[in-house]
Amino acid sequence: MAKKYNCKQCGAELYFDPKRGKLHCEYCGSDFDPSEYDFQTEEEGKEDQVIAQAGNEGEGIEAAAAGENAKATDDSVSTSDLVVYQCPHCGAEMITSKKTVATTCVYCGRAVTLTGNVSGEFKPDYVLPFEVERKEVVEKYKELCGQSFLTPRLFTKESTIEKIKGMYVPYWLYTFDGTAAMDIHGEKIRSYMTGDQEITETSSYEVHEEGGGHFSRIPADAMKEMDNVLMDSVEPFDFNKMKKFNPAYLSGFYTQQWDESPSENEPRAKARAKEVLSEEVADHAGKFTTKMIRSERYDWSNQKVEQAMLPVWVLYTNYKGKEYMFGMNGQTGKMVGEIPKDPIRIVEIGGGVLLATQILFLILRVLGVV
């Protein structure tokens with residue numbers, strides 16, 4: 001069902017506070033551990049089906065999407081992918097994707113967690129709580145924009161900054177053992193002088209080298225809409241701080257179900273492991289002037305996959321037909337992103353200075369100073 005979390009002292013709504021690591025009541029100041037709120041996916045999933053029955057009828061969704069509530073949807077989402085929920089705060093009907101797990105009501109702006117959408121295969125094993133507050137993210141983002149006076153004004157507008165979202169991104173965590181076997185051709189080249197002649201000696205070697213290692217929880221995001229390069233760049237995460245999954249941690253943030261299966265993302269994880277193995281085995285083969293891998297083989301065993309919700313602050317901005325991405329690790333504060341530079345800003349700034357100068361000159365003339 002569409003669920004909210006209420007203070008056990010005063011009844012006010014609770015939100016997860018990254019600094020406290022608790023559900024916090026802004027009214028009476030009480031804090032609660034998310035584990036104090038039970039998580040029963042099976043029963044809540046059944047309630048979701050009842051509340052969202054209009055979404056399963058097709059016509060109800062299409063009628064709602066055609067009306068005022070359509071502003072809550074993405075134009076790229078088909079009506080067959082939408083579902084209607086009732087906001088537990090204001091009672092309004094919310095239209096959202098069937099994959100949505102946590103969001104905010106477009107009418108009252110308050111947090112809503114759709115607990116039935118994290119049941120069965122979509123129930124994560126773990127959640128890594130946010131530790132970085134939105135205030136800190138906004139400050140860091142403004143600092144990034146302020147590093148150049150050529151930053152387009154679009155990126156510093158409040159309407160743009162408001163789009164920075166705290167998201168729990170679904171990830172697959174891959175654990176396995178890996179071995180590598182390589183046949184390497186190496187050459188050692190030595191040059192020296194004999195009298196007035198330069199002699200060059202080349203020694204060739206054929207080396208067979210093997211090695212292996214254990215890889216624990218290699219992460220790969222499981223949402224197609226998330227940029228893989230951005231998600232890889234905000235790493236690392238400290239998985240020692242992960243908690244057993246409870247949807248109470250999601251309160252006040254956004255998230256969706258995964259839409260990339262473990263098998264789809266497995267090659268990404270193994271490519272990263274292969275890179276590490278390849279480098280280590282090749283280095284262990286010895287030092288050569290030149291080195292060429294003639295053949296290589298990799299084998300994987302003892303494979304295990306876990307699902308976790310990891311915290312990321314994200315902002316996507318479209319500027320002149322190109323998507324620019326800003327991201328921050330919601331646990332460590334590591335920031336990545338690209339802010340464009342627009343040479344036209346020089347003209348705009350120059351024009352503003354000229355206008356200000358003219359106004360000042362006019363004021364001085366009126367006062368009789370000049």
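Residues numbered from 1 in each chain as written. Predicted model: local features only at pLDDT ≥ 70, side-chain atom pairs only at ≥ 80, totals over all residues. Heavy atoms only, no water.

Engineer: With reference to specific residues and values, describe the side chain of T151.
Structural biologist: Structurally, T151 can be placed in the loop between α4 (134–145) and α5 (158–161). A distance of 2.7 Å separates a polar atom in the side chain of T151 from the backbone oxygen of C145. (Helix = DSSP H or I, 4+ residues; strand = E, 2+ residues; numbered from the N terminus. Polar contact = N/O pair within 3.5 Å; in protein donor to acceptor, adjacent residues only side chain to side chain.)

Engineer: Break down the confidence of the model for the chain for me, with residues and values.
Structural biologist: Taken as a whole, the chain shows an average pLDDT of 82; of its residues, 81% reach a score of 70 or greater. Across the chain, the element-wise mean pLDDT spans from 34 in helix α2 (residues 53–56) up to 97 in strand β9 (residues 126–127). Low confidence marks residues 41–77, where pLDDT is under 50. Its contacts with residues over four positions away, or in another chain, come to 55 contacts. Contacts for the low-pLDDT stretch residues 347–355, under 50 throughout, to residues beyond four places or in other chains number two contacts. (pLDDT = per-residue confidence, 0-100. Contact = heavy atoms within 4.5 Å.)

Engineer: Can you tell me about the packing of aromatic side chains, naming the residues and giving the values?
Structural biologist: Counted according to the given criterion, the structure contains 20 aromatic pairs. Taking 6.3 Å as the distance between ring centres and 90° as the angle between the ring planes, the aromatic pair formed by F32 and Y37 counts as edge-to-face. Judged by its relative accessible area of 11%, Y37 is buried. With a centroid separation of 4.1 Å and an interplanar angle of 0°, the aromatic rings of F130 and F253 are classed as stacked. With F130 in the loop between β9 and α4 and F253 in the loop between β12 (243–244) and β13 (255–256), this residue pair connects regions lying 123 residues apart in the sequence. F253 gets classed as buried once you look at its relative accessible area, which sits at 5%. Chaining the aromatic ring pairs together yields one cluster made of F130, Y168, F253 and W313. Lying across the ring of Y254, K165 places its NZ or CZ 4.5 Å from the centre. (Phe/Tyr/Trp six-rings, centres within 6.5 Å; stacked < 30°, edge-to-face > 60°. Buried < 20%, exposed > 50% of the residue type's maximum accessible area, 1.4 Å probe, protein only. Lys NZ or Arg CZ within 6 Å of the ring centre and 35° of its normal.)

Engineer: Quick rundown of the environment of R217? Include the residues and the values.
Structural biologist: With respect to the helices and strands, the residue R217 is situated in strand β11 (residues 197–221). Along the backbone, R217 and F239 are 22 residues apart, and their C-alpha atoms lie at a distance of 8.2 Å.

Engineer: Describe the pairing of strand β15 (residues 322–329), with residues and values.
Structural biologist: Pairing geometry for strand β14 (residues 290–319) and β15, over eight bridges, is antiparallel. Among the inter-strand pairings, L315 is bridged to a residue of β15, identified as F326. The turn joining β14 and β15, which pair antiparallel and follow one another in sequence, is formed by two residues; a positive phi near 55° is taken by K320. Bridge analysis of β15 against strand β16 (residues 335–337) gives three bridges, and the strand direction is antiparallel. Bridge pairing in β16 places F326 opposite G337. What sits between the antiparallel neighbours β15 and β16 is a turn of five residues, in which G333 has the positive phi angle 85°. (Pairing = 2+ DSSP bridges.)

Engineer: Give a detailed account of α4, specifying residues and quantitative values.
Structural biologist: Taking 1.5 Å of rise per residue, twelve residues should cover 16 Å, and α4 covers 16 Å from first to last C-alpha, within 8% of that figure. Turning to α4, its buried residues number three or more, namely V137, V138, Y141, L144 and C145. End-on view of α4: buried residues confined to an arc of 120°, all on one side of the axis. (Expected span 1.5 Å × (residues − 1). Arc of directions from axis to C-beta.)

Engineer: I'd like a rundown of the nonpolar core, residues and numbers included.
Structural biologist: Formed by 37 residues in total, the largest nonpolar core has its most connected members in L14, Y141, I164, Y168 and W313. If you list the elements that add at least two residues to this core, you get β7 (100–104), α4, β14 and β15. The dominant element in this core, judged by the number of residues it contributes, is α4, at five residues. Those residues in contact with I164 that sit more than four places away from it in its chain are R134, V137, V138, Y141, W313, V314 and L315. By size, the runner-up hydrophobic cluster in this structure holds 21 residues, among which are M182, F215, V281 and A285. (Core = buried A, V, L, I, M, F, W, Y, C linked by side-chain atoms within 4.5 Å.)

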